[in-house]
Amino acid sequence: MSKFFIISGILLCVFVTTSCSDYLSVELQNALTLEETFNKRATTEAYLAQIYGFLPDDSDMVGGESSVVPRSDEGMFSWLSGVSWLNMNNGSWGPTTSSYATWKSSYTGINQATIFMNNVDRNVEIGPAEKEVMKAEARFIRAFLYFNLLRKYGPVYIWGDKDSDISIRPETIDRHTVAENFDFILSEFDKCIAALPATVAEEAWAGRATKGAVLAAKTRATLYAARPLFNGAEYLRGMVNKEGKNIFPQNTDPAKWEVAAQTAKQLIDMNQYALYVDNTETDPMRKAIKSYQGIFFKFWNSEVIWGRWLGGAFGWVVRANPPRAVKEGYGGYSPSLKLVDTYPMAESGRYPVTGYDGNGYPIIDPKSGYREEGFTPNYIHPMDNWAPIRAHNSTVGRDARFYASILANGFNWYNRGSGDKVITFYTGGTSGYQASGDCVKAGYLFRRMNDPSNNTENGQWGQFCWPMFRLAEIYLSYAEACNEKPQRNEADALAYINKVRSRSGLNKLETAYPEVIGNQALLRELIRKERMVEMAFESHRYHDARMWMIAEKEFVGPNYTRNLVATNYDDSWRRSSTLFPGTRVFEKKHYFFPINQEQLNEMKNFTQNYGW
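What counts, and at which threshold
Residues numbered from 1 in each chain as written. Predicted model: local features only at pLDDT ≥ 70, side-chain atom pairs only at ≥ 80, totals over all residues. Heavy atoms only, no water. Helix = DSSP H or I, 4+ residues; strand = E, 2+ residues; numbered from the N terminus. Rg over C-alpha atoms; globule rule 2.2 N^0.38 Å. Buried < 20%, exposed > 50% of the residue type's maximum accessible area, 1.4 Å probe, protein only. Contact = heavy atoms within 4.5 Å. Areas by Shrake-Rupley, 256 points an atom, 1.4 Å probe, with all protein chains shown as cover. Lys, Arg positive; Asp, Glu negative; His and termini not counted. Charge placed at Lys NZ, Arg CZ, Asp CG, Glu CD. Axes fitted to C-alpha atoms, helices over the stretch in contact; angles between N-to-C directions. Parallel < 35°, antiparallel > 145°, perpendicular 65-115°, else oblique. Left-handed = near helix turned anticlockwise from the far one by under 90°. Nonpolar A, V, L, I, M, F, W, Y, C, P; charged D, E, K, R; others polar. Phe/Tyr/Trp six-rings, centres within 6.5 Å; stacked < 30°, edge-to-face > 60°. Lys NZ or Arg CZ within 6 Å of the ring centre and 35° of its normal.

**Concerning the overall build of the protein chain**
Across its full length, the protein chain carries 20 helices and 12 strands. The C-alpha atoms of the protein chain give 24 Å as radius of gyration, which agrees with the globular expectation for 612 residues (25 Å, within 12%). Split into buried and exposed, the 612 residues of the protein chain put 60% on the buried side. The contacts in the protein chain between residues at least 6 apart in sequence include a share of 70% that link residues at least 24 apart. In the structure as shown, the protein chain presents an accessible area of about 22200 Å², 50% of it carried by carbon and sulfur atoms. Computed over 67 positive and 68 negative side-chain charges, the inter-centroid distance for the protein chain is 3 Å.

Next up, the structure:
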């Protein structure tokens, strides 16, 4: 396990401009030349530290360049103005849109890494073996930045080990193919796997990349390479670059699933990581809830392969606090009704909703045990159990991750620092809906990253570890690849999804769904549901739906919520399509970001993405 590190001292600044040659170059501040920078240990380490700073921050869900949760179907954040994702969700964006554009910053980081790799050998204070490890770290960051560009924009231009060359004319540059992109990225990952240690010995440098971190990145990359969007999507087959090469694959290659399975299994077989389990509780449900919460709250636990340390969680926590019911709360981080519907039932182990009718009403699996109507009086929440509540039946009997993640209308407030209170989101409720100002619009808040032991009323906002990669992702990726590969391995697919389900107290998938045996399509659907709930709000769903090419179905239509305009609790549990305005749009062209017009103005022959 490792975490991102922070170094005090000199950080080398980067000026980014609109010129292709400029944003692939670096200007060193403090009058340091390259020779001076790489002559001393301190400045060399600082240079490497600032390369880590180019990595995406998935924990920043509002203003971050990599923020994807509100652009997917798992989140319905409350704000209706001043936020960039609204234009993305309604389809009113294009090549001139600057929001979420990461092209320039990524290539700047790529070039910084190359400069480091090509100059670190000048250092006279660092030994050869240590320098090789540092070069491997920079190489990994560079490859990971390329992978994130590929994931967002489709295949890009690969510089390789060359410094950016100002003699290259921008109009001569065009994108390399998907195969060339993946071949380069995966070969770079392999070099790093061979060079990096399995662990980092010194706590002060615990953020440095490890063999496991690179294998996790390779697992994600090989999985994406096997999924439909990068593996023979028909609508992309006509794209050709200026050299006449087909940019995207012309056929589907099922063998890529075997590569994905082997990569995930290689990481699993390191036997270095384990699903986090809380051992402070004896009650099975409470143990399961705390085990899931502990992934974030138990810093640098056994499950985190690579993480980001968030020393001050105010910005995250305050947006998940209910407005007016507490001293400081914006109430913005809301799960979508679809995400809430997806959490399985604890007793049956089945996912309750199989789809929706034309009015947005759920089609309920009668074998699941789920009830959409009515209330349970004197219900005791399995974790917030100090006072009974009148719970809507949809919130009763769900799996541990539901109670670890969802603050529902009518639940007790889980932070007891200023006394006990019930949180209600209907008009006139304790955190009621209102026409303007901060309020909850979906009917729920996402509580998973909010540690109830922190008294936010007294300014205790807490800290947590954000997992860039964790073992549950690897298990589910392996299960998916085993289900899809030519020599299908149903036994392993079930075994590894069951490892994840077991931590949440659920029965085996084949027990919940006897009909899954021999049914590849059903297992595929259930793996996708499991990924949605297990990794909710961890910035996976947006990319998963794109790579599976189901976003055209899942990211469209009205924004369904609970009916919080109601002035009483009972009526507020009805479903509504009018509370959150607008209709979500996702077309084929939205599977990839357009190349920004700023880049196209200079790289005049660079092939734009489909539909833009």
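**Some details on the packing of helix α6 (residues 128-153) against helix α8 (residues 211-226)**
Relative to each other, α6 and α8 sit at 25°, their axes nearing to 11 Å. Looking at the two axes, α6 sits roughly parallel to α8. As α6 runs across α8, the sense of the crossing is left-handed. Across the interface between the two elements, Phe140, Phe144, Phe147 and Arg151 from α6 touch Ala213, Val214, Ala217, Arg220, Ala221 and Tyr224 from α8. For the contact of α6 with α8, the class distribution of residues is eight nonpolar, no polar and two charged.

**Side note on the side chain of Arg503**
Note on placement: Arg503 falls in helix α15 (residues 490-503). On the basis of relative accessible area, Arg503 is assigned to the buried category, the value being 8%. Excluding its chain neighbours within four sequence positions, the residues that come into contact with Arg503 are Leu275, Tyr276, Val277, Ala288, Ser291, Tyr292, Ile295, Glu303, Arg470, Ala472 and Glu534.

**Here we look at unusual backbone geometry**
The backbone of Asn378 shows a phi angle near 55°, a positive value even though the residue is not glycine. With respect to the helices, strands and loops of the structure, Asn378 is situated in strand β4 (residues 375-379). Classification of Asn378 as exposed rests on a relative accessible area of 62%. Even without glycine at this site, Met549 takes up a positive phi of about 60°.

**Observations concerning helix α18 (residues 541-548)**
Of all eight residues that make up α18, eight are buried, and the element is covered over most of its length. When α18 is considered as a whole, its buried residues turn out to be Arg541, Tyr542, His543, Asp544, Ala545, Arg546, Met547 and Trp548. Looking at the buried residues of α18, the elements they touch are α6, α8, α14 (471-484), α17 (520-534) and α19 (551-554). Backbone geometry just after α18 places Met549 at a positive phi near 60°.

**A look at the packing of aromatic side chains**
Across all of its chains, the model carries 53 aromatic pairs by this definition. Between Tyr351 and Tyr513, the ring centres sit 6.3 Å apart and the planes meet at 25°, which makes this aromatic pair stacked. Placement of the pair is Tyr351 in the loop between α12 (337-342) and β2 (353-356) and Tyr513 in the loop between α16 (509-512) and α17, with a sequence separation of 162 residues. For Tyr513, a relative accessible area of 4% puts it in the buried group. Site record: aromatic cluster; members linked through ring pairs are Phe77, Trp79, Trp85, Phe296, Trp316, Tyr333, Phe446, Phe464, Trp466 and Phe537. Over the ring of Phe375 we find Arg390, and its NZ or CZ is 4.1 Å from the ring centre.

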